[in-house]
Amino acid sequence: MSHHRLVFDRVSYRYPDGTLALDGLSFELHHGDSVGLVGANGSGKSTLLSHLNGLLLPSQGSVSVGDLPVGPGTLAQVRQHVGLVFQDPDDQLFMPTALEDVAFGPRNQGMTQAQAEAAAMEALRSVGAEALAARPPQHLSLGQRSAVAIAAVLAGCPDFLALDEPAARLDPRARRRLITLLHGFKHSKLVASHDLDLVLELCPRVLVLKEGRLLADGDSRRLLSDPDLMQAAGLELPLSVSPRGMGAGPVI
Amino acid sequence: MNAGAWSGLQELDRLAAGHSWLHRLDPLVKLLLGLGFAVAVVSVPKYALPSLAPLLMVPVLMAALAGFEPLPLLARAWPAAGVALMLGAFNPLLDPQRVDVAGCQVSAGWLSLAVMLAKALLVAGMALVLVASSGFARLADSLGSLGAPHIFVQQLQLLWRYAGLLAEESDRLKRARDLRDPLARARGPRLAARLIGGLLARSLARAERIHQAMLCRGFRGSLPGAALRPWGPQDWAALAGGCGLIGACRFLPLVPWAQQALERIQP
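Computed from a predicted model, the values in this text were never measured in an experiment. (Residues numbered from 1 in each chain as written. Chains lettered and ligands numbered in written order. Predicted model: local features only at pLDDT ≥ 70, side-chain atom pairs only at ≥ 80, totals over all residues. Heavy atoms only, no water.)

### Quick look at the overall build of chain A
Right, so step 1: Secondary structure assignment for chain A yields nine helices and ten strands.
Right, so step 2: For chain A, whose C-alpha radius of gyration is 18 Å, the value lies close to the compact-globule estimate of 18 Å for 252 residues.
Right, so step 3: The C-alpha extent of chain A, read off along each of the three principal axes, is 55 × 45 × 35 Å.
Right, so step 4: Looking at chain A residue by residue over its 252 residues, the buried ones come to 58%.
Right, so step 5: Intrachain contacts of chain A at a sequence separation of at least 6 include 62% that bridge at least 24 residues.
Right, so step 6: Per element, the accessible surface of chain A, about 10600 Å² overall, is 52% carbon and sulfur.
Right, so step 7: Placing the 22 positive and 27 negative side-chain charges of chain A at their respective mean positions leaves the two points 2 Å apart. (Helix = DSSP H or I, 4+ residues; strand = E, 2+ residues; numbered from the N terminus. Rg over C-alpha atoms; globule rule 2.2 N^0.38 Å. Buried < 20%, exposed > 50% of the residue type's maximum accessible area, 1.4 Å probe, protein only. Contact = heavy atoms within 4.5 Å. Areas by Shrake-Rupley, 256 points an atom, 1.4 Å probe, with all protein chains shown as cover. Lys, Arg positive; Asp, Glu negative; His and termini not counted. Charge placed at Lys NZ, Arg CZ, Asp CG, Glu CD.)

### Thoughts on the pattern of salt bridges
Right, so step 1: Evaluation of the coordinates by the stated rule reveals 17 salt bridges over all chains.
Right, so step 2: With a shortest N-O distance of 3.9 Å, A:Glu211 and A:Arg213 are connected by a salt bridge.
Right, so step 3: The partly exposed category is assigned to A:Arg213, whose relative accessible area is 42%.
Right, so step 4: Ionic pairing is found between B:Arg206 and B:Glu169, a salt bridge with its closest N-O pair at 3.4 Å. Of this pair, B:Arg206 sits in helix H11 (residues 189-216) while B:Glu169 sits in helix H10 (residues 150-180), and the two are 37 residues apart along the sequence.
Right, so step 5: Since its relative accessible area comes to 4%, B:Glu169 is described here as buried.
Right, so step 6: Because the salt bridges share partners, they merge into one network encompassing A:Asp91, B:Glu169, B:Arg172, B:Arg202, B:Arg206 and B:Arg209. (Salt bridge = Lys/Arg side-chain N within 4 Å of Asp/Glu carboxyl O.)

### Description of the packing of aromatic side chains
Right, so step 1: All chains considered together, the criterion is met by six aromatic pairs over all chains.
Right, so step 2: For the pair A:Phe8 and A:Phe27, a centre-to-centre distance of 4.6 Å together with 20 degrees between the ring planes defines the contact as stacked. You can see A:Phe8 sitting in strand S1 (residues 5-14) and its partner A:Phe27 sitting in strand S2 (residues 20-30), a full 19 residues away along the chain.
Right, so step 3: A relative accessible area of 2% places A:Phe8 in the buried class.
Right, so step 4: Taking relative accessible area as the criterion, A:Phe27 reaches 5% and is therefore assigned buried.
Right, so step 5: Connected via pairs of aromatic rings, a cluster forms that spans A:Phe94, A:Phe104 and B:Phe219. (Phe/Tyr/Trp six-rings, centres within 6.5 Å; stacked < 30°, edge-to-face > 60°.)

### What about the pairing of S1(A)?
All names here are of chain A.
Right, so step 1: Across seven bridges, S1 lies against S2 in antiparallel orientation. The residue of S2 that forms the bridge with Val7 is Glu28.
Right, so step 2: Where S1 folds back on S2, the antiparallel hairpin that results is connected by five residues, among which Gly18 adopts a positive phi of roughly 100 degrees.
Right, so step 3: Relative to strand S4 (residues 60-65), S1 is paired through five bridges, and the arrangement is antiparallel. Considered in S4, the bridge of Asp9 is made with Ser62. (Pairing = 2+ DSSP bridges.)

### Some points on the nonpolar core
Note on soluble globular proteins: their nonpolar side chains tend to be buried together.
Right, so step 1: Counting residues in each nonpolar core, the largest one holds 53 residues, and the members touching the most others are A:Val38, A:Val102, A:Leu124, A:Val127, A:Val148, A:Ile150 and A:Phe185.
Right, so step 2: When residues no more than four places from it in sequence are discounted, the contact partners of A:Phe185 are A:Ser126, A:Val127, A:Ile150, A:Leu154 and A:Leu161.
Right, so step 3: In this structure, B:Ala80, B:Ala120, B:Leu128 and B:Val131 belong to the second largest nonpolar core, which totals 44 residues. (Core = buried A, V, L, I, M, F, W, Y, C linked by side-chain atoms within 4.5 Å.)

### So, the interface of chain A and chain B
Right, so step 1: Taken together, the contacts link 26 residues of chain A with 26 residues of chain B.
Right, so step 2: Across the interface of chain A and chain B, roughly 2400 Å² is buried in total on both sides, 54% from carbon and sulfur atoms.
Right, so step 3: The salt bridge involving A:Asp91 is made with B:Arg206; its shortest N-O contact spans 3.0 Å.
Right, so step 4: Linking chain A with chain B are seven residue pairs in polar contact (both at pLDDT 80 or more).
Right, so step 5: Among the secondary structure elements, those contributing two or more residues to the side of chain A that touches chain B are helix H2 (75-81) and helix H3 (98-108) of chain A. (Buried area = accessible area lost by both parts, 1.4 Å probe. Polar contact = N/O pair within 3.5 Å; in protein donor to acceptor, adjacent residues only side chain to side chain.)

### Some words on the packing of helix H8 (residues 108-134) of chain B against helix H9 (residues 136-145) of chain B
All names here are of chain B.
Right, so step 1: Contact geometry for H8 and H9: axes closest at 7 Å, N-to-C directions at 105 degrees. By the angle class used here, H8 and H9 are roughly perpendicular. Judged by residue contacts, Leu130, Val131 and Ser134 of H8 engage Phe136, Arg138 and Leu139 from H9.
Right, so step 2: Grouping the amino acids of the contact of H8 with H9 by side-chain chemistry returns four nonpolar, one polar and one charged. (Axes fitted to C-alpha atoms, helices over the stretch in contact; angles between N-to-C directions. Parallel < 35°, antiparallel > 145°, perpendicular 65-115°, else oblique. Nonpolar A, V, L, I, M, F, W, Y, C, P; charged D, E, K, R; others polar.)

### Focus on the sheet that holds S2(A)
Across a sheet, paired strands are connected by hydrogen bonds in the backbone, their directions being either parallel or antiparallel.
Residues and elements named next belong to chain A.
Right, so step 1: The sheet built from four strands is open, its strands ordered S2-S1-S4-S5 with antiparallel pairing. Of all strands in the sheet, those with a lone pairing partner are S2 and strand S5 (68-69), marking the two edges.
Right, so step 2: For S4 and S5, the ladder comprises two bridges, and the chain directions are antiparallel. Its bridge partner lying in S5, Val65 is registered against Leu68.

### Quick notes on the sheet that holds strand S10 (residues 213-219) of chain A
Residue and element names in this part refer to chain A.
Right, so step 1: The sheet built from six strands is open, its strands ordered S6-S7-S8-S3-S9-S10 with mixed pairing. Among the strands making up the open sheet, the edge pair consists of strand S6 (82-85) and S10. The sheet shows a mean angle of 15 degrees between the axes of neighbouring strands, direction not considered.
Right, so step 2: As paired elements, strand S3 (residues 34-39) and strand S9 (residues 205-210) share five bridges and run parallel to each other. Each bridged residue has a counterpart across the sheet, and for Gly36 the counterpart in S9 is Val206.

### Re H3(A)
Right, so step 1: Among the eleven residues in H3(A), nine count as buried, and that is most of the element.
Right, so step 2: All of the buried residues in H3(A) are A:Ala98, A:Leu99, A:Asp101, A:Val102, A:Ala103, A:Phe104, A:Gly105, A:Pro106 and A:Asn108.
Right, so step 3: Where the residues of H3(A) are buried, they touch helix H4 (113-126) and helix H5 (142-154) of chain A together with H11 of chain B.
Right, so step 4: With its phi angle positive at about 100 degrees, A:Gly110 sits one or two positions after the end of H3(A).

Purely spatial values, then, with no claim about function.
If you want it as structure tokens, here you go:
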């Protein structure tokens, strides 16, 4: 059974206050895809990400990971296949030390403490944060916490990695390190971001959301360079393709 | 609400990342010593204030062994005094017999209230030293290995984390208020009530997001505890030495002036 396929089939979601956050969304992600998710504030990006591993369940339509429909009976399995990195690492890191936090997922998968710590060290090493293992997360810099939060998700060996605004609040150097790091991952990725230059660098494909609907799905360089589409989505052209950025290629 | 006090408590976990001899001891050893100390303190008779003086040596010595400055750390124990005051507030009325303290006749109730305060501060001070040298989560795990119900241990750990969230959110609210009300003109019970309401809503929302993050990583209602490790010679030595010190402080006349004072104030 392959879990390297993620399917949204006419997914709608309405919040209890009546707000329609997703409206008939359909798309597929495949093994190795690196897909950007862009849209103005309130367009439904975070709500969509919350559907990937069942934090929210569709009001209508269905989400499936491989052959598994995402639903109350499959959440434990689905969450082993889809790793979600939250926008604010402080919402994600809660154990006393970075190592224990990263080992939390593997422990919940049934590993012994020694196995979980070995997996956690490997994940920390993969994000260049092994030196932070013994540090309490609340005493790390924001860039370091972001790296540990990604390691915490990687330690569970997910097939799909979903990241919500991974570069928000990072300084330029930390942002560059993050881009380099994400470039190195072979996971299928869905990256929700307002940082369109980051999306251009990381994701050959992009989904453009507006008011819960899929406005466009295709080649990111083509779509993100389309001024009319960006205008319609409530976005601006990325700096690297806009006259403001003097057409100077990816911003580094 | 004092945000600084809670933030200070959370800082204790940072101190727990140290590498002193005391830090390296098994947390269970320290927990057992802490429980032994608490029993010794509680066993002091209700008017025997001087008998508590030698026991102060135990947390001071442990703090020094951990490389902490004892006084600033133990000074954080003051919230425990509030609890003791609430419990013993009526002692002076309920226990009016007179005793002689340093030549003055005072109500025995005042003396027993002072003893309660001192006991609370000593036990809270010792708890602070334990948390600062082990980390709260490891101490809670040790409590589990002593046979405390798993659900109790887990509630303790979650309560500690929620206290941390509450502290962070209250710090942010307080900062926002102070910056926009530098002359303290708008402060009062109405604003305080609104801030407390906002604080609860914000901390609950934050706790919900953290719970979601835990669910995403396979949390099914049970926090993984630390594995037990066999004790080394230093753990056994520390337990024996610590028990000896606590026993000596409790039962031997180590502080002559305290012993003399005790003999004078027996009612």
